[in-house]
Amino acid sequence: YLEGERARGQRHVNVDPAKLSVLFRPLPPMLVKPIAPAECQSMPELRAQALACTRCEHLVASRKQVVFGVGNEAADILFVGEAPGADDDARGEPFVGAAGELLTRMLKAMDLAREEVYITNILKCRPDTPNQRNDHRAPTAHEMATCSDWLHRQIDFIQPKVIVALGKVAVGGLLEMENAPITKMRGTWHTYRGIPLMPTFHPAYLLHKETMQNK
Ligand code: URA
């Protein structure tokens, strides 16, 4: 937000001192503890470490596998979704279910193949549900905070020119917003660690609310 303001020529902001002081509070140890203490030199190394991640015991117990990401590791465009669904968990690849098919069609409409871009999620494991086969639940803030280091490191390796955040959960996870107003934010540029970020509706939302305006 501040980078956006600076780009628009704004040089001063008024900040409530009480809010500012929150920034100086130390983060809970859970949030600052690095996931993979060993330095990773490459994406394959990072992937190998992520595939063995055991940070969220409940997800380790319920997942079939970690869904790390797929595509071109030097892609210009990175697509970030929410979390793997049942089909993605079974295949070990993000966006292979119905929402994924729509995403693939959207890419084709932009003259892009899945292999040209990189596709991943905020959360690398399928969120567990009481009825594991069909149900869906959004990742919790705690799960996203625990997992976010993997995504940060992926982004460091890929160095995309643009990030497309698919849906309000991805937008909220990347921009650290509790309740991202996706309808307001979509179609306007934001910045994630200096990288232009475009929020869009999630393909799963479009499956149910496919209007020309939403598309
Ligand atoms: N499949 C994914 O990999 N991510 C989503 O956000 C939805 C479905």
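Reference entry: report on the structure contained in this document.

### So, the side chain of N214
- The residue N214 is located in the segment after helix 11 (203-208) in this model.
- Taking relative accessible area as the criterion, N214 reaches 13% and is therefore assigned buried.
- If near-sequence neighbours (up to four positions away) are discounted, N214 is found in contact with R186, F201, Y205, L206 and K209.

### Some words on the packing of aromatic side chains
- Taken as a whole and assessed by the stated rule, the structure comprises one aromatic pair.
- With a centroid separation of 4.6 Å and 45° between ring planes, the pair formed by F201 and Y205 is classed as tilted.

### Considerations on the site of the ligand
- If you check the shell around the ligand, you find G81, E82, A83, P84, D88, P94, F95, N121 and H202 and nothing else.
- Between the ligand and A83, the relevant distance is 3.0 Å, taken from a nitrogen atom to a main-chain nitrogen or oxygen of the residue.
- The contact in question runs from a nitrogen atom of the ligand to an N or O atom on the side chain of D88, over 2.8 Å.
- Considering the ligand on its own, with 240 Å² of exposed area, one finds that the protein chains cover 90% of that surface.
- If you map the ligand onto the pockets, it falls in the second largest pocket.
- The residue inventory of the shell around the ligand, partitioned by class, reads four nonpolar, three polar and two charged.

### Observations regarding the pattern of salt bridges
- According to the stated counting rule, one finds seven salt bridges in the structure shown.
- A salt bridge links D156 to R193; its shortest N-O distance comes to 3.9 Å. Here D156 is found in helix 8 (residues 141-158), whereas its partner R193 is found in the loop between strand 5 (190-192) and strand 6 (195-200), with 37 residues between them in sequence.
- For D156, a relative accessible area of 45% corresponds to the partly exposed category.
- Classification of R193 by relative accessible area gives exposed; the value is 52%.

### Digging into the sheet that holds strand 4 (residues 162-166)
- Pairing in this open sheet of six strands is mixed, and the strands run 1-3-2-4-6-5 from one edge to the other. The open sheet has two edge strands with one neighbour each: strand 1 (70-71) and strand 5.
- One ladder, built from two bridges, connects strand 1 with strand 3 (residues 118-121); its direction is antiparallel. Bridging from a neighbouring strand, V70 pairs with I119 of strand 3.
- Against the sheet, helix 8 makes contact with strand 2 (77-81), strand 3, strand 4, strand 5 and strand 6, and its axis sits at roughly 165° relative to strand 3, the strand it touches most.

Conventions used here
Residues numbered from 1 in each chain as written. Predicted model: local features only at pLDDT ≥ 70, side-chain atom pairs only at ≥ 80, totals over all residues. Heavy atoms only, no water. Helix = DSSP H or I, 4+ residues; strand = E, 2+ residues; numbered from the N terminus. Buried < 20%, exposed > 50% of the residue type's maximum accessible area, 1.4 Å probe, protein only. Contact = heavy atoms within 4.5 Å. Phe/Tyr/Trp six-rings, centres within 6.5 Å; stacked < 30°, edge-to-face > 60°. Near = heavy atom within 4 Å. Polar contact = N/O pair within 3.5 Å; in protein donor to acceptor, adjacent residues only side chain to side chain. Areas by Shrake-Rupley, 256 points an atom, 1.4 Å probe, with all protein chains shown as cover. 1 Å grid on protein atoms, 1.4 Å probe; cavity = no way out; pocket = protein on both sides within 12 Å on 5 of 7 lines; lining within 4 Å. Sits in = over half its atoms within 2 Å of the grid points. Nonpolar A, V, L, I, M, F, W, Y, C, P; charged D, E, K, R; others polar. Salt bridge = Lys/Arg side-chain N within 4 Å of Asp/Glu carboxyl O. Pairing = 2+ DSSP bridges. Axes fitted to C-alpha atoms, helices over the stretch in contact; angles between N-to-C directions.

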